[in-house]
Amino acid sequence: MPNSNAKSHRSQRGGQEAGRRELISRSLQSAQHCLEDQDFGTAYAHYLLVLNLAPELKTTVKETFQFTLFKWAEELDSLARIQDLFNCYEQALELYPSDEVICNSMGEHLFRMGFRDEAAGYFHKAVKLNPDFADAKENFYRVANWLVERWHFIMLNDTKRNLTYLKAIENVVRSGCKSVLDIGTGTGILSMFAKKAGAPYVYACELSKTMYELACDVVAANNMGSEIKLLHLKSLDIEIPKHIPERVSLVVTETVDAGLFGEGIVESLIHAWEHLLLQPKPKNQDIHIKDYGQVIPASATIFGMAVECKEIRRHHRVGTQEIAGVRLANSVQFFSPTYASVSSEETVEPYTTEKLSRVPGGYVPLTEPFQVMTVDFNNLQELKSLAARKPWKLSLPVTQGGILDAIVVWFVLQLDDEHALSTSPSEESCWEQAVYPVQDLPDYSMKTGDTVTMEVCCQDCYLKIQKISFWTSECGMDFSNRDDTLNLGNEAELCNALASLQTTSKQDGKGRVCVLESTETALLNNIPYHECFKAAIGKVLSSLNPSKDLQTMDVDGCGSGLNLQESQNKSSLDAAPDPLYVLDVSEGFSILPIIAGKLGSVKAYSSVEKEQHQTALNIISEANHFPKETLEFWLSHLEDENVVLQRPKSDKLWSIIILDVIETSGLIQQEVMEKAAISRCLLHSGGKIFPQYVLMYGMLVQSQSLLLESAVQGTEPTLGFNIAPFINQFKVPVRVYLDLSTLPCVPLSKPAELLRLDLMNPLLNSSSREVKVQICKSGQVTAIPFWYHIHLDDDHGLNTSDEFSHWKQAAVVLDKPIQVQLGDELVLDVQHHKSNISITAGTPSLLCFPQLQYSECGALSNLLIRSTGKCITSSSQLRRHLLQHLCGRCDAESNKLRIYHLNSKRTVCSAQNMCSRKMQHVKQRP
């Protein structure tokens, strides 16, 4: 009987196993059929069943499962089934918890939906799983700039700032303060100062999830995890006794921006005094400090100064009425967002920021520094009265004649009676200054003795300086906003003023306001840019329509005897020629389509999105006597705005497509080469993409500033506290928005060409390149700044580093500085992946069989070469050698590829594709 039962159980188990295998086989077949029918949801369900029944198949079906997951996720995203999408990714990560590709894809979905903290976590995990995974690295670098703003590094490296705060906190704590609340703790450094000073109870709050988690790690690493209570809360949400047991005797904070109030310090301190702090110490009473509450910083004094600054001017005022033959309509008024904030119902930051000591071209003070206001952070009533206070006027004598471009503001933060920090442009500090650009005046030229006037108020948690104008010393004329009443001394002066204002009146009808970002204004002011495009566009149009010659083309801006309207009237007698189609898909406000439209029989399409930008372009077109059909807005013709690159009509192709290749930040635009590939298919014979190719240049420099702005430099600047390893996880290797003309650095080499991006001839492109650079000065290479020469064609080019450029520059900051001597040669390995530039530096290899780091390949971290004796010193040589002679195998455990020379001469996939190709297709050898 027992034998019979055992046989029965074995038979039953055998039947179950056979059934399992049959179900797995049928599910795999069904999944394949569903994929062929593009039924990705059902295919995904089949794969889930298979992987749960047969975990041993994970490796076999991994690639197909990933493909199915991503396709199904795209479909769910388009249907707004967000919860289902995330459920699918959670299921996938349960099956493949260490799959960097799935982690990265999950992060991309989260980031698109605005969950930046969560997205960063997945990107970071993907990079940890595979440090050479380029997509994840690029995603993480981009999100890191959002999550941990770059000023954290600069501030933590500011030893003077840290030491001043430490001393002020020590003074208060050692005077009897027993409990401290750090509002907006960031990395937790001020909380640790308080604990180091001896405060028995320390609390800290931080709203950002990323910074809160970082602070937890920092505090724990400094052995204060049990002594500092960290709260993932906004200070306005802290309740007693729910979060902290009782009112504290000290609030310490640095929630201030360049304009002092922009991070909400007033609102948070009003709440703190009403709900979290002990009562303030009565004036003129010597009572022990521990019985009363106080704030560090204790007070602040805000200062200002009127300045002339060409760089500020060209980013906030359009300085010309004609650009490359296109007349800007007087009825369109261009303003920057800072000016628009005056009348906007939305809360818009009313200033921009600049580090004046490094602004290109410098600045000229036009007045002496003046006091704007003071604020006592230990006075609740004064804090409450700030928002309710009516605007007040300030008048200042002009001490230096010049052009009024901005009011610049800084402050002195008085931490206590003994310690203060200044953000003045004359101080070496981590701070920038707040800049209030001056706009909408009939004249900006001032003389010594004139008077600058302005209104000041505190509104929407911002310091606002508005209605900036000036009085002339000669006739008492008030050069204020042209919509305001002019205050003049007598009737004669009134007549003169009205006469002078006729040139700036709204001649073309009702005025239209067009708000441009500072980079868009700088682009409009970049005359060489527009002249260069005009010449290059004219050259292409002339070659495509040679019968017209230049009769209808004003290529040189001086005409050829016939203007556009006359030419069109003349040509109307003949058969109307088919127009040439021009598409401008550059980002932001662009007048290039109008420039193209003035050069002949052209149908120009603009891809601007904002309604006010479209209105402005239409008004400018009318002012230049364009027929209405000459300019159209491309997005209004598209069913799917995500697919911008399409034929102009079903039977037409483009003559010119203008692409944005370089971001104003100094980086290469994302997916630009993919866009170029599509654009090449949409051009008719002789058509061109602008630019046709781009050359990237760089040089080796020694720059302490770039090091300090990119990573915390050990424990010395943070006064012995171990913060660097934690916040440096969020460092990015590339610094953007740099001005090379004012960057504090020592050049160690001459500029060298690093990379070529050819949009018309992709065969000339390479995703990696080795460049040998000669050292012309001894020193330490800490960074490699780079910029671009943008070639519209062989005859017309732009340099993104010249003084008129609206582009900024960028720099790769090396992990470890490299000591070099005059005459040395440094080899740069330049990698381009999407918009990410990776540059590593090292001396030339002299070995025949080196071990090469190959970061381009996702799954392969090291290549150990056993070759035929040829000297292989570069990754490009390696790839050529692989394609000609080699075959290989992959050792999954060590993640190393061992390549063996075979006599078979069999062609093998390139190194970049080996990681994704099924290894059973590659001949293996023991």
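So, how was this worked out
- Residues numbered from 1 in each chain as written.
- Predicted model: local features only at pLDDT ≥ 70, side-chain atom pairs only at ≥ 80, totals over all residues.
- Heavy atoms only, no water.
- Helix = DSSP H or I, 4+ residues; strand = E, 2+ residues; numbered from the N terminus.
- Buried < 20%, exposed > 50% of the residue type's maximum accessible area, 1.4 Å probe, protein only.
- Areas by Shrake-Rupley, 256 points an atom, 1.4 Å probe, with all protein chains shown as cover.
- Pairing = 2+ DSSP bridges.
- Axes fitted to C-alpha atoms, helices over the stretch in contact; angles between N-to-C directions.
- Contact = heavy atoms within 4.5 Å.
- Phe/Tyr/Trp six-rings, centres within 6.5 Å; stacked < 30°, edge-to-face > 60°.
- Lys NZ or Arg CZ within 6 Å of the ring centre and 35° of its normal.
- Parallel < 35°, antiparallel > 145°, perpendicular 65-115°, else oblique.
- Left-handed = near helix turned anticlockwise from the far one by under 90°.
- Nonpolar A, V, L, I, M, F, W, Y, C, P; charged D, E, K, R; others polar.
- UniProt positions renumbered as here; feature names shortened; annotations may be inferred.
- Salt bridge = Lys/Arg side-chain N within 4 Å of Asp/Glu carboxyl O.

Where an unreviewed UniProt entry is consulted, the protein chain appears under the name Protein arginine N-methyltransferase 9 isoform X1, with the organism given as Apteryx mantelli.

## Considering the overall build of the protein chain
Check the secondary structure of the protein chain and you find 26 helices and 42 strands. By the burial criterion, 50% of the 926 residues in the protein chain qualify as buried. With the model as given, the accessible surface of the protein chain reaches about 42800 Å², and the carbon-plus-sulfur share is 49%.

## Notes on the sheet that holds strand β23 (residues 580-584)
Read from one edge of the open sheet, 5 strands run β25-β24-β23-β26-β27, paired in parallel fashion. At either end of the open sheet lies a strand with only one pairing partner, and these are β25 (631-633) and β27 (683-690). Each strand of the sheet is rotated relative to its neighbour by a mean of 20°, with strand direction disregarded. Across 4 bridges, the pairing between strand β26 (residues 654-658) and β27 is parallel. Along β27, the bridge assignment pairs Ile656 with Lys688. In this fold helix α21 (residues 611-623) packs onto β24 (602-606) and β25, with an angle of close to 175° to the strand it touches most, β25.

## So, the sheet that holds strand β33 (residues 768-774)
Spatially, β33-β37-β38 is the arrangement adopted by the 3 strands of the open sheet, whose pairing is antiparallel. The strands lining the two open edges of the sheet, one partner per strand, are β33 and β38 (836-842). If you compare each strand with its neighbour and ignore which way they point, the axes differ by 25° on average. Sheet analysis places β33 next to strand β37 (residues 825-833), joined by 7 bridges and oriented antiparallel. For Val771, the partnering residue across the bridge sits in β37 and is Leu828.

## With respect to the packing of aromatic side chains
Applying the stated rule across the entire model yields 20 aromatic pairs. Their ring planes at 35° and their centres at 5.9 Å tell us that Phe140 and Phe730 sit as a pair that is tilted. Taken together, the positions of Phe140 in helix α7 (residues 134-147) and Phe730 in the loop between α24 (724-727) and β30 (734-738) put the pair 590 residues apart, joining distant regions of the chain. Judged by relative accessible area, which is 10%, Phe730 ranks as buried. Counting every residue linked through ring pairs, the aromatic cluster contains Tyr529, Phe533, Phe690 and Trp807. Directly above the aromatic system of Trp392 lies the positively charged group of Arg389, at a separation of 3.5 Å from the ring centroid. Directly above the aromatic system of Tyr693 lies the positively charged group of Arg756, at a separation of 4.2 Å from the ring centroid.

## Considerations on the packing of helix α2 (residues 40-53) against helix α4 (residues 82-95)
Where α2 meets α4, the closest approach of the two axes is 11 Å, and the angle between their N-to-C directions is 25°. Between α2 and α4, the crossing angle belongs to the class labelled roughly parallel. For α2 against α4, the interelement crossing comes out left-handed. Listed contacts from α4 to Tyr44, Leu48, Leu51 and Asn52 of α2 are Cys88, Gln91, Ala92 and Leu95. The residue makeup of the contact of α2 with α4, split by class, is 6 nonpolar, 2 polar and no charged.

## Notes on the UniProt feature "repeat: TPR" (unreviewed entry) in the protein chain
Annotation from UniProt places "repeat: TPR" (unreviewed entry) at residues 100-133. Each end of residues 100-133 is marked by a C-alpha atom, and these two atoms are 8 Å apart; helix forms 79% of the span and strand 0%.

## Notes on the pattern of salt bridges
Taken as a whole and assessed by the stated rule, the structure comprises 27 salt bridges. Of the charged contacts in the structure, one is a salt bridge between Asp99 and Lys62, with a shortest N-O distance of 3.2 Å. Of this pair, Asp99 sits in the loop between α4 and α5 (100-112) while Lys62 sits in helix α3 (residues 58-78), placing them 37 residues apart in sequence. Residue classification places Asp99 among the buried residues on the basis of a relative accessible area of 2%. On the basis of relative accessibility, which here comes to 32%, the residue Lys62 falls in the partly exposed class. The residue Arg313 makes a salt bridge to Glu308 at a minimum N-O spacing of 3.8 Å.

## Quick notes on the environment of Met224
Mapped onto the secondary structure, Met224 falls in the loop between α11 (209-221) and β3 (228-231). Classification of Met224 as buried rests on a relative accessible area of 10%. Residues Met224 and Ser191 lie 33 residues apart in sequence; the distance between their C-alpha atoms is 9.7 Å. Excluding residues that lie within four positions of it along the chain, Met224 makes contacts with Met192, Lys195, Lys196, Val219 and Phe721.

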